[in-house]
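Below, each chain spelled out in residue letters.
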There are 2 protein chains.
Amino acid sequence: MAHNHKITIKDVAKAAGVSTQTVSRVLNNRHDVSPETRARVQEVIANLGYAPNVLARSLSRGRSNTLGVVGFGLGYYGSTSVLTGIEQKSNELGFSFILSLLDRFEMERVDEILRDLLSRQVEGIIWAVPGISQALRGLPKKLSDIPIPVVFLNKEKTNDDAIAAMDNRLGGHLATEHLLEQGYRRIGIITGPAEWWEAQQRELGWRETMLEAGLDDLDNLKVEGDWTAASGEVGLHSLIAKAPDVDAIFVSNDQMSLGVFQAARRIGMEVPNDLGIVGFDDIPEAAYFYPSLTTVRQNAKKLGAIAVEQMAKFIQAHQNNEDFKPDISWVKPSLVVRKSSIQES
Amino acid sequence: MAHNHKITIKDVAKAAGVSTQTVSRVLNNRHDVSPETRARVQEVIANLGYAPNVLARSLSRGRSNTLGVVGFGLGYYGSTSVLTGIEQKSNELGFSFILSLLDRFEMERVDEILRDLLSRQVEGIIWAVPGISQALRGLPKKLSDIPIPVVFLNKEKTNDDAIAAMDNRLGGHLATEHLLEQGYRRIGIITGPAEWWEAQQRELGWRETMLEAGLDDLDNLKVEGDWTAASGEVGLHSLIAKAPDVDAIFVSNDQMSLGVFQAARRIGMEVPNDLGIVGFDDIPEAAYFYPSLTTVRQNAKKLGAIAVEQMAKFIQAHQNNEDFKPDISWVKPSLVVRKSSIQES
DNA sequence: CTGTTAGCGCATTCAA
DNA sequence: TTGAATGCGCTAACAG
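Residues numbered from 1 in each chain as written. Chains lettered and ligands numbered in written order. Predicted model: local features only at pLDDT ≥ 70, side-chain atom pairs only at ≥ 80, totals over all residues. Heavy atoms only, no water.

1. Some words on the overall build of chain A
To be explicit about the condition: Strands here are runs of E lasting at least two residues and helices are runs of H or I lasting at least four, both read from the DSSP assignment and numbered beginning at the N terminus. Throughout, the radius of gyration refers to the C-alpha atoms, and the reference size of a globule is 2.2 Å times the residue count to the power 0.38. Here's how the labels work: a residue is buried when its accessible area is under 20% of the maximum for its type, exposed when over 50%, partly exposed in between, all with a 1.4 Å probe on protein chains only. Residue contacts are defined here by distance: any two heavy atoms, one from each residue, within 4.5 Å place the two residues in contact. All accessibility values rest on the Shrake-Rupley procedure with a 1.4 Å probe; residue burial counts only the protein chains present in the view.
When its secondary structure is counted, chain A shows 12 helices and 12 strands. Scaling as 2.2 N^0.38, a compact globule of 345 residues should have a C-alpha radius of gyration of about 20 Å, whereas chain A reaches 26 Å, well beyond that. Put simply, chain A has 345 residues, and 55% of those count as buried. Summarising the internal contacts of chain A: among those between residues at least 6 apart in sequence, 75% fall at separations of at least 24. Accessible surface, chain A: about 15,100 Å² in total, of which carbon and sulfur atoms supply 49%.

Listed below in structure tokens is the structure:
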């Protein structure tokens with residue numbers, strides 16, 4: 001037992017008195033093995049505690065059953081939810097995955113990471129890095145040079161890419177529409193960083209809805225945050241400086257809402273009566289904010305799962321040399337109404 | 001370029017007019033290659049865009065440079081921080097890792113996960129699952145049956161295990177001591193689930209500090225939560241039912257504090273004047289709670305990094321057949337004082 | 001300094 | 001139904 005020698009298919013074959021191929025057949029559940037032989041081999045496997053060497057198998061089969069996932073830190077609720085979805089679904093479909101985390105938009109490491117993933121023979125790469133910032137300009141080229149399937153998360157639609165995306169624009173619309181229904185009119189926005197596609201889309205949803213309602217002066221109603229609570233705090237001050245009569249804000253994520261709440265308290269504005277607030281994400285804490293936060297709930301876990309499903313199809317097509325028409329799959333968010341947007345009578 | 005044939009060391013060798021062995025030497029930065037040959041080979045590698053097949057290399061070398069990490073969901077701030085630390089440090093040390101997530105304490109999947117990791121030839125396993133619940137009774141046996149190094153995160157000290165642990169007991173002490181210094185006397189605790197070692201240790205720190213201060217009736221001052229804000233809310237009500245004169249609470253994580261805040265507001269208790277609160281974790285939002293939350297900051301990222309470092313040493317010893325004396329490494333938390341525990345004069 | 005031979009553990013031809 | 005040979009891509013051990 002404590003012997004350090006790793007037991008291989010050979011040991012099993014010898015112990016069972018058969019050839020290695022037969023053992024291999026049993027391992028792969030082939031039906032061209034006699035029941036008795038199969039039983040004997042299985043018993044030996046159990047006794048020896050044998051476990052096949054996946055590396056050898058991958059090498060021999062030319063398939064690794066491994067995905068590469070490139071993410072962007074784990075600091076956001078969305079990121080971790082997506083990852084959870086990816087983990088579960090890939091498990092379900094028999095893939096394992098190698099996780100690479102980008103901390104900032106670091107061009108240099110991208111090269112390195114992609115090389116590394118390819119070296120590890122991943123069968124596909126899920127690109128779960130937000131936005132396409134300036135710094136990543138050259139990236140699409142690189143990723144399309146890659147000889148294996150790539151599925152993007154939350155990326156703008158293009159013709160040739162497989163994409164799974166949250167409908168952030170719809171989210172922005174839902175939030176704004178709700179505030180309008182509550183009677184707010186001067187509805188501002190605190191966006192996320194401009195490079196983030198997510199932030200852009202949420203803003204777009206707000207913008208379109210405002211215009212449709214005949215409201216304008218939108219530029220004075222917009223400030224940019226960086227997703228942190230601190231930036232939400234600053235954001236409210238900036239917004240009021242530009243538009244003193246702002247009466248509601250669509251805040252592009254829940255953390256920033258927390259900062260807005262704090263700033264509002266300091267300057268004596270009352271939420272929701274003086275200022276209606278709608279956030280985005282529905283982090284678990286949102287229901288316990290004071291006041292509880294109306295917010296757009298996004299099922300990021302589902303998004304991750306969908307990405308993996310797409311990937312599985314993509315890979316299959318790729319291997320059969322069939323042509324695969326990459327497409328975009330949308331996940332729709334929903335509005336969760338709480339107190340921060342409902343004026344008390 | 002678009003040719004689907006994967007280029008191997010052979011292609012490189014042929015193109016460079018050398019043997020595969022020489023290419024291998026260049027790849028591995030051996031110094032027994034002539035500068036000209038090396039240059040030529042490197043050029044060919046660059047031109048062909050060759051990347052070595054890590055699976056083949058691992059198989060041949062008998063080393064995978066891969067770690068297995070078993071975690072417990074990504075729902076907690078601590079979990080994700082630990083994982084971030086693990087990712088960074090293992091990257092730094094040249095390991096990649098396979099992540100397996102347990103969602104609940106699911107005994108069955110443990111077997112499966114361990115087998116899978118071993119199949120993938122990981123060189124060591126980092127066990128980052130909290131506590132040793134009833135359900136995991138059999139686990140230590142299994143893990144010690146494993147023929148590769150295992151490093152545990154946040155586990156009680158034993159003689160034979162390599163452990164990296166947050167000093168939660170110290171954290172509990174710091175929190176309680178601080179509340180005592182602020183003049184609070186009837187200091188309650190809302191703990192995490194009893195099976196979690198982390199929760200036990202935080203409680204122990206509180207308990208010891210209270211006893212040292214000559215305070216007792218501790219059982220009436222304790223209720224158990226489940227880490228969620230909702231359980232914090234319930235917790236305060238329960239606590240007041242048992243000890244109506246409670247004047248402060250050490251809440252074992254920040255999320256539950258949020259629930260306590262909400263409950264306190266509902267029943268007209270003012271934090272910190274009627275009720276001092278200290279949390280645990282220092283999640284990014286804690287500074288923006290209302291009131292801002294005094295809490296115990298734990299550097300979980302560092303914890304993850306330390307675990308990987310231990311693992312690296314362990315693996316090295318394991319391979320050289322040296323004996324490795326497993327030990328426990330502690331990471332010390334610190335107190336961050338904000339408004340929830342400082343009575344206004 | 002370089003090439004040849006062998007083998008890592010497994011699966012995929014083929015024969016028998 | 002089973003076994004023998006061969007190769008996946010790479011590196012280690014030996015020669016030269």
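2. Some remarks on the environment of Lys339 of chain B
Residues and elements named next belong to chain B. With respect to the element layout, Lys339 can be found in the segment after strand 12 (334-336). Overall, the relative accessible area of 51% leaves Lys339 in the exposed class. With 46 residues separating them in the primary sequence, Lys339 and Leu293 have C-alpha atoms 6.1 Å apart. Here Lys339 is in contact with Pro272, Pro291, Ser292 and Thr294, once residues within four sequence places are set aside.

3. Describing the sheet that holds strand 6 (residues 187-191) of chain B
Residue and element names in this part refer to chain B. Note the following rule: Think of it this way: DSSP has to see at least two bridges between two strands before they count as a pair. All axes are obtained by fitting lines to C-alpha atoms, using only the stretch in contact for helices, and the reported angles, taken between N-to-C directions, cover 0 to 180 degrees.
Strand order in this open sheet of 6 strands is 7-6-8-9-10-12, and the pairing throughout is mixed. The sheet is open, and its two edges are formed by strand 7 (222-224) and strand 12, each paired on a single side. Averaged over all pairs of adjacent strands, the angle between their axes in this sheet comes to 20°, without regard to strand direction. Here 4 bridges tie strand 9 (residues 276-281) to strand 10 (residues 294-297), and the two strands are oriented parallel to one another. Directly across from Gly279, in strand 10, lies its bridge partner Thr295.

4. Quick notes on the relation of the copies chain B and chain A
Heads up, the rule is: Copies overlap after least-squares fitting; the atoms used are the C-alpha atoms of residues with pLDDT of at least 70 in both.
When chain B is fitted to chain A, the best match, at an RMSD of 0.1 Å, comes from turning it 180° and sliding it 0.0 Å along the axis. Taken together, the rotation and translation describe the operation of a two-fold axis.

5. Considerations on the domain arrangement of chain A
Where interface size is quoted, it is often the accessible area lost as the parts come together. Residues and elements named next belong to chain A. To be explicit about the condition: An automatic or database domain assignment supplies the residue ranges for each domain. By buried area we mean how much accessible surface two parts lose on assembly, using a 1.4 Å probe and totalling the loss over both. By definition here, a salt bridge exists when the distance from a side-chain nitrogen of Lys or Arg to a carboxyl oxygen of Asp or Glu is within 4 Å. In protein, a polar contact means a hydrogen-donor-capable atom and an acceptor-capable atom, both N or O and within 3.5 Å, with residues adjacent in sequence counting only if both atoms are side-chain atoms; elsewhere, any N or O pair within 3.5 Å suffices.
Split into domains, chain A comes out as domain 1 (9-52), domain 2 (66-165 + 301-332) and domain 3 (168-297 + 335-341). The straight-line distance from the C-alpha centre of domain 2 to that of domain 3 is 30 Å. Interface area, domain 2 with domain 3, both sides summed: about 1,100 Å², of which 70% is carbon and sulfur. Of all residues in domain 2, Tyr76, Tyr77 and Asn154 give up the largest surface area on contact with domain 3, accounting jointly for 43% of the area buried on that side. Run the count over domain 2 and domain 3 and you get 0 salt bridges. Joining domain 2 to domain 3, the criterion identifies 0 residue pairs in polar contact (both at pLDDT 80 or more).

6. What about the packing of aromatic side chains?
Condition: Side-chain rings of Phe, Tyr and Trp (the six-membered ring for Trp) are treated as a pair once their centres are within 6.5 Å; stacked means planes under 30 degrees apart, edge-to-face means over 60, and tilted covers the remaining angles.
By the definition in use, this model includes 15 aromatic pairs over all chains. Consider the rings of Tyr76 of chain A and Trp196 of chain A, whose centres lie 5.4 Å apart with planes at 75°: the pair is edge-to-face. Of this pair, Tyr76 of chain A sits in the loop between strand 1 (66-72) and helix 5 (77-92) while Trp196 of chain A sits in the loop between strand 6 (187-191) and helix 9 (197-212), placing them 120 residues apart in sequence. The exposure class of Tyr76 of chain A is partly exposed, given its relative accessible area of 30%. Among the residues examined, Trp196 of chain A registers a relative accessible area of 10% and is labelled buried. With a centroid separation of 5.7 Å and 80° between ring planes, the pair formed by Phe72 of chain B and Trp196 of chain B is classed as edge-to-face.

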